[in-house]
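One-letter residues, chain by chain:
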Amino acid sequence: MATIKITQIKSRIGSPKDQKRTLDALGLTKMHKTVEHERTPAIEGMVRKVRHLVSVSE
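Residues numbered from 1 in each chain as written. Predicted model: local features only at pLDDT ≥ 70, side-chain atom pairs only at ≥ 80, totals over all residues. Heavy atoms only, no water.

Undergrad: Before we move on, could you go through the nonpolar core and cite the residues and values that matter?
TA: The biggest cluster of nonpolar side chains holds eleven residues, and these are Ile4, Ile6, Leu23, Leu26, Leu28, Val35, Ile43, Val47, Val50, Leu53 and Val54. If we ignore the near neighbours within four places in the chain, the residues touching Ile6 are Leu26, Leu28, Lys33, Thr34, Val35, His37, Ile43, Val47, Val54 and Ser55. (Core = buried A, V, L, I, M, F, W, Y, C linked by side-chain atoms within 4.5 Å. Buried < 20%, exposed > 50% of the residue type's maximum accessible area, 1.4 Å probe, protein only. Contact = heavy atoms within 4.5 Å.)

Structure representation (C-alpha cells):
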C-alpha cells in the first residue's frame, strides 16, 4: 500500500480532548513533526478528524 506523510502544522492547545488523542494515536506530539503511515481507511479517518491541524503529502 501507499504511504502518506502527516505533519502537524498547528498547535493542539485549545483543541478538544478527542482531537488531542487522535494526534497522539497518529504519533504527532510536537509542532512540525512528521510521521509516515500506510494509507488505510482508519488512518484516513483520523487525518480527516484533525485535518485543520495537519498537512498531508504523498
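Undergrad: Give a detailed account of the pairing of strand S1 (residues 3-8), specifying residues and quantitative values.
TA: Strand direction decides the pairing type here: S1 and strand S2 (residues 34-38), joined by five bridges, are antiparallel. Bridge pairing in S2 links Ile4 to His37. Judged from the four bridges that link them, S1 and strand S3 (residues 54-57) form a sheet pairing that is antiparallel. Note that in S3 the partner of Gln8 across the bridge is Val54. (Pairing = 2+ DSSP bridges. Helix = DSSP H or I, 4+ residues; strand = E, 2+ residues; numbered from the N terminus.)

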